[in-house]
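# Summary of structural features
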Amino acid sequence: METKRSGSETTNANAWENPGSRWSVADLIDYETFLNADERKVRESPDARREIAKRDRALYLEGAGEAIPAPEFHTPAHRRETLHAWLDGRRRGAGGQERHDLPGETFTRSLRMAGLLAILAGLGAGTGITAALLRYDGETPVNVSWYVFVLVLPQLAMALAAAVIWLLRRSASLGRALEDLSWGLRLVRSLVAGLSRRFQARVPQNAREDTLARGGVAASRSTLYQPVSTWTFLVPLQAFGVAFNVAVIVTTVALLWFSDRAFGWQSTLDVPDQTVYSIVRTIALPWRPIAGEGRGYPGPEQVKGSRIYLNAKKEAYDPAHLRSWRWFLVLSVSVYGLLPRLALLAISLAARRRALAGLSFRDARSQALYRRLVTPSLDASARASGAGPEMAIPRTGQTTRPPLEPRTAPSGKMGADECLLILHVDVRDVLKDEDDSRLLKLVGNHTGWRITARRAFGASAAGNRDVTATVATWQWLSPPPRVMVVDDGSQPPITEHLRFLKDLRMVTGAEADITLALVGEATDSEPLPPVTGRQLSQWRQKIDQLADPYLHLVSLASLPREDA
Amino acid sequence: MDPGPLQIAIMGHPNAGKSSVVATLTENDSIGIGNTPGTTTRSDRYPVTIDGRTLIEFIDTPGFQNPGDLLEWFKVHRDEENVAAAFIRTHESNELYVHDCELLRPVSEGAGIILVIDGSTRIRQKDRDEIELLRLTRRPRMAILNNMTDRENYQSQWDSELRMSFNSVREFNAHRATYAERIDLLNAMKSIEQGWEPRFKLAISAFEEDWDNRIDQTIETIVDLFRTVLEYKVSKRVDPEKVSTRTGEKRVRTQLVKRLEEGIRRFEKSAQQEIRAHFRHNVWNVPPGSLLMEDLFSEQVSHGLGLSKAQLAVAGMAAGGIAGGLLDTTTAGVTLGAFALLGAAGGGVTAWIGGSALTRMDIQRMLGSVRVTVGPVSRDGFLFVLLDRILLYCARAMNWSHGRQGADEDAANRVPEKRLEPAGFAQDLSASQRKSMVRFFAAARKGRDSPAEEAFREILGTTLHELSVGTIDSREGV
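Residues numbered from 1 in each chain as written. Chains lettered and ligands numbered in written order. Predicted model: local features only at pLDDT ≥ 70, side-chain atom pairs only at ≥ 80, totals over all residues.

## Structural notes on the overall build of chain B
- Check the secondary structure of chain B and you find 15 helices and 9 strands.
- Of all 478 residues assigned to chain B, the portion counted as buried reaches 46%.
- For chain B, restricting intrachain contacts to residue pairs at least 6 apart in sequence, the fraction spanning at least 24 positions comes to 74%. (Helix = DSSP H or I, 4+ residues; strand = E, 2+ residues; numbered from the N terminus. Buried ≥ 20, exposed ≤ 12 C-beta atoms within 10 Å, placed from the backbone. Contact = placed C-beta atoms within 7 Å.)

## Remarks on the overall build of chain A
- The secondary structure content of chain A amounts to 21 helices and 10 strands.
- Going through the 564 residues of chain A one by one, you find that 32% of them count as buried.
- Nonlocal contacts in chain A, meaning residues at least 24 apart in sequence, comprise 83% of its contacts between residues at least 6 apart.

## Some details on the nonpolar core
- Ile10(B) and Cys394(B) are the most contacted members of the largest nonpolar core, which totals 119 residues.
- If you tally residues by element for this core, the top one is helix α13 (residues 380–399) of chain B, at 14 residues. (Core = buried A, V, L, I, M, F, W, Y, C linked by C-beta atoms within 7 Å.)

## Some remarks on the sheet that holds strand β7 (residues 234–238) of chain B
Residue and element names in this part refer to chain B.
- Spatially, 3 strands are ordered β7-β9-β8 in an open sheet, and the strand pairing comes out antiparallel. Of all strands in the sheet, those bounded by a partner on one side alone are β7 and β8 (359–365). Adjacent strand axes in the sheet meet at a mean angle of 20°, parallel and antiparallel pairs treated alike.
- The pairing of β8 with strand β9 (residues 370–377) spans 6 bridges and is antiparallel. Each bridged residue has a counterpart across the sheet, and for Gln364 the counterpart in β9 is Arg371.
- In this fold helix α9 (residues 246–278) packs onto β7, β8 and β9, with an angle of close to 40° to the strand it touches most, β9. (Pairing = 2+ DSSP bridges. Axes fitted to C-alpha atoms, helices over the stretch in contact; angles between N-to-C directions.)

## A closer look at the sheet that holds strand β2 (residues 44–50) of chain B
- Here we have 7 strands laid out as an open sheet, ordered β3(A)-β2(B)-β3(B)-β1(B)-β4(B)-β5(B)-β6(B), and mixed in their pairing. Looking along the sheet, the strands with just one partner apiece sit at the ends: β3 (378–379) of chain A together with β6 (168–171) of chain B.
- Bridge count between strand β1 (residues 6–12) of chain B and strand β4 (residues 112–117) of chain B: 5 bridges; the pairing is parallel. Looking across to β4(B), one finds that Gly12(B) is bridged to Val116(B).
- Relative to the sheet, helix α8 (residues 197–231) of chain B contacts β3 of chain A together with β1, β2 and β3 (53–60) of chain B, its axis offset from that of β3(B) by approximately 95°.

## A short note on the environment of Met11(B)
All names here are of chain B.
- Looking at where Met11 falls in the secondary structure, it is placed in strand β1.
- Since 29 C-beta atoms lie within 10 Å of it, Met11 is described here as buried.
- For the pair Met11 and Asp60, spaced 49 residues apart in sequence, the C-alpha to C-alpha distance is 7.2 Å.
- The residues touching Met11, leaving out its near neighbours within four places in the chain, are Lys18, Thr61, Leu103, Ile113, Ile114, Leu115 and Leu134.

## Section: α13(B)
- The terminal C-alpha atoms of α13(B), which comprises 20 residues, lie 28 Å apart, in line with the 28 Å expected from a rise of 1.5 Å per residue.
- Across the 20 residues that make up α13(B), a large majority, 20, are buried. (Expected span 1.5 Å × (residues − 1).)

## Let's talk about the environment of Ser45(A)
Residue and element names in this part refer to chain A.
- One can find Ser45 in the loop between α2 (25–44) and α3 (48–62).
- The class for Ser45 is exposed, based on 9 C-beta atoms found within 10 Å.
- Separated by 474 residues in the primary sequence, Ser45 and Val519 place their C-alpha atoms 55 Å from one another.

## As for the pairing of β2(B)
- Most of β2(B) sits inside the fold, with 5 of its 7 residues counted as buried.
- Relative to β2(B), β3(A) runs antiparallel, the two being bridged by 2 bridges. By the bridge assignment, Asp379(A) is partnered in β2(B) with Thr49(B).
- Bridge count between β2(B) and β3(B): 7 bridges; the pairing is antiparallel.

## Section: unusual backbone geometry
Residue and element names in this part refer to chain B.
- A cis amide bond links Gly375 to the next residue, Pro376, at an omega of -5°.
- Within the element layout of this structure, Pro376 appears in strand β9.
- Of note, the phi angle at Asn15 is positive, near 70°, even though the residue is not glycine.
- As for its placement among the helices and strands, Asn15 is situated in the loop between β1 and α1 (18–26).

## Observations regarding the packing of helix α19 (residues 461–471) of chain A against helix α20 (residues 495–508) of chain A
Residues and elements named next belong to chain A.
- Interaxial distance between α19 and α20 falls to 9 Å at its minimum, and their mutual angle equals 25°. Taken together, α19 and α20 sit at an angle that is classed as roughly parallel. You can see that α19 and α20 cross each other, and the crossing is right-handed. Counted together, Asn464, Thr468 and Val471 of α19 and Phe500, Asp503, Leu504, Val507 and Thr508 of α20 form the full contact between these two elements. (Parallel < 35°, antiparallel > 145°, perpendicular 65-115°, else oblique. Left-handed = near helix turned anticlockwise from the far one by under 90°.)

## Some points on the confidence of the model for chain A
- On average, chain A scores 80 in pLDDT, and the residues at 70 or more come to 80%.
- Predicted confidence is poor over residues 1–21 of chain A, with pLDDT under 50, and the contacts of this stretch with residues over four places away or in other chains come to 41 contacts. (pLDDT = per-residue confidence, 0-100.)

## Here we look at the confidence of the model for chain B
- The pLDDT averaged across chain B works out to 83; a share of 80% of its residues lies at or above 70.
- Among the scores for the predicted complex, ipTM is 0.76 and pTM is 0.71.

## Details of the pairing of strand β9 (residues 513–519) of chain A
Residue and element names in this part refer to chain A.
- Extensive coverage of β9 is indicated by the burial of 6 of its 7 residues.
- Where strand β8 (residues 482–488) lies against β9, 7 bridges are found, and the strand directions are parallel. Directly across from Val486, in β9, lies its bridge partner Ala517.
- The parallel pair β8 and β9 is bridged by α20, and the resulting crossover is right-handed.
- Pairing analysis gives 5 bridges linking β9 to strand β10 (residues 551–555), with the strands arranged parallel. Along β10, the bridge assignment pairs Thr515 with His552.
- In this fold, β9 hands off to helix α21 (residues 533–545), which returns the chain to β10; that crossover is right-handed. (Right-handed = clockwise from strand over helix to strand, strands pointing away.)

## A short note on the packing of helix α8 (residues 144–167) of chain A against helix α15 (residues 326–357) of chain A
Residue and element names in this part refer to chain A.
- One way to put it is that α8 packs onto α15 with a least axis distance of 10 Å and a crossing angle of 25°. Here α8 lies roughly parallel to α15, going by the angle between them. Crossing of α8 against α15: the hand is left-handed. Touching Val144, Tyr147, Val148, Leu151, Val152, Gln155, Leu156, Ala159 and Ala162 of α8 are Leu329, Ser332, Val333, Tyr336, Gly337, Pro340 and Leu344, all from α15.
- Its residues assigned to classes, the contact of α8 with α15 shows 13 nonpolar, 3 polar and no charged. (Nonpolar A, V, L, I, M, F, W, Y, C, P; charged D, E, K, R; others polar.)

## Regarding helix α2 (residues 67–76) of chain B
- Counting buried residues along α2(B), 8 of its 10 residues qualify, which places the element largely inside the surrounding structure.
- The set of residues buried in α2(B) consists of Pro67(B), Gly68(B), Asp69(B), Leu70(B), Leu71(B), Glu72(B), Trp73(B) and Phe74(B).

Structure follows, in structure tokens:
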């Protein structure tokens, strides 16, 4: 198994065909809820950070980690998909009640309900207003001007305004105009803020800071998601508009179908019929190719014939002229009311989808989460498994070497004040000829002995054996035997050295006088420096464990005053 | 099939610094390190686990106790296929060789070898023995010259001695190694044996990503610290009588400023603890006399860190100029930038002469009582001091080696701390970077989001990365 990490090589192209499309508004709300919960946890206990990182990495490896090709890392698409996979994982991991309480689903339901209410309100308003405008008492024809002014022109104006704002959305002059408009809003906002401050002054400091923090987070998040939220709330508004226009059209057609209504127009001013005809013809421009004069809109004669005069008898009007407006009304609302609303609804839906797909998640909190997800969880914090046995201290008679070969030829005789000097090779190798007298003096200072013979140990195991074998052959004229061992005290004592001392004891006898003199770290100018107090103490600890009363430990050169 | 973790046995003489090397490489200061020899008495395994899978196992072994004997035995049995395993079989019941068997066990199981050598001393016989016997194991091996002192006269001798028997030789001070040096060493390890490379690559990449992650977390911590400090206010409801005279007002102010300072100290401490946790430090040592040990509001700290008056004035001018520029915009440019000019002059002068007070005091009179509020911090100079202090702390946390707990800080020949004049990092920032910071401070004070925050994050990110790789000095000892 290869570790699933940022360099994962498994690919799943399908997951990347339509990046970002998976996010919904409900997802964003749940995502923020989970982020807030994590942040709260970390605030309460900073140690929770590690647990959260571990959990998030595990979620990543379960989900997105499988599907993501390595080169896609740190791209917006990868970030969106990864964070969505994390959200799915968090939802799956949420318990029954917690899952039920997630606000995303509630928001979706509320939005759906708001949409439904908007549709019902639109249908109700459209039906009511149309029925009122088309009210016909059988005497005076219905004035089509009101129908057009109330149901068509405002909608046309709104659609045009929306189009103009959209086209000029980046222009500075429009920005300034909108800013001017927002002055009023700012005034209200500062009033609310002032009241809020007065209220906050009365609540405890903790609660106040918490409220401010939440407010701050909410404000910063709303900036991030503003495009999404704008289009989300525009959708029910457009649904209202569509429902309203559908209701207007259906009511108008129903009234036309089930009742015979007369339509006309009137004016106190001396407006020529031709002018009205021209206006009507212009309004009918979009549908003229499919529903022409006399059918889709009244012709000059019909316009003239449907002008209502005061005190005119109804017999004076041609019924055909009075009916000629009916489809003009239906088509006006369809083209200038319903169609723009449908277009705006489609635009709102598409824009919302686009805004969701375009979310970059580059804010600090999302980036931190993303990093937690894609960064391999590294653990090198294992603790030691426990203490083992201390270094071995050789006991009397304990040897691992072949038995010492008895030497028949004696090495020589030792006088009463004479001793054998055994130097460690590391000490011997740094000594020059001119250092010899100093060495003899130092040895003499400690023991009063004269050096009769010298050997070296430490070059090899066999060499050590040879030294001990040689020592055994010396004849001591004035026992006990006297041996001075000079060792490198700058290095810690090890079993091998202790064992050499033990072997020496074996061949020289239980009461032989053995002095272990330590030298410190040699330098070019000082081959026989004293050991430090710490080094001497480390050696003493081990030497004491040998339990040899005739083995003395000294520093060859005098210790510095502070160490002594 | 997963071949299991790659095992690397860290071997050497007692007190050579094996545990320090493992602690530094794995950033694990729970590893027992002592400056008395023989602290490690058994082979302890320290796995590097990535997403639950152990890639590498560093094995901290006891020191050699009988190198001469081992070498003699190895020479005699050099034809054994696995000489280490054969030695263990023969000697495991002998207590004299308990540590030698323990340290050879990972090698007998196929572990690679890293020989740690105290490079500050001359080559001794036991070193030659150890080098030779490890050569006879025929395992991939590397030598680390762990020179923990200021002595360097033996480096070249060691180098030539070791090159004959080891695939690679590196110098590495386990007590002072920085992140970059640690990564360099891991990179060197991967080339010892071709088969090691993929795992080391994964591990190094995980270490690097983890490090970047820690830097990002540290940036978050610092930004949070500044946001908290810049929004922090302390208020108190008092009897109107108490602030009716200048002396009374001053007394109340002093009390509240003291509380404000305590709060800021608390925030700084908490941020420091977070940063320390980001960089996984349990054991910590700040040298006496370091500015990190002094009180945040002390004279030493405010003199040693932060910006000079002139630098502050320039940064203040930028902030004032922006505020004035906004006013110019509202007049559609009719004022020809006069507000920007006035703002810049005002900001500069305020920073130059008015920077002594930490904060302003606000007195709200209500029915029957007075609410006195101090905060947030209005002195930009202090904020730069705070920034320098937290960056100094980061530098320490990033470059404090996890193996340093075993260092003898009193040793005469230890690598000396650099003696630097007390100074932080803000001095080295460019004028435009400082301006961005002042803008961020101004926005954060009002609880607003500002593009300057992103700039602030970038500056922090750059500084922390440069501290990691040693492009800028970590000012250790300041």
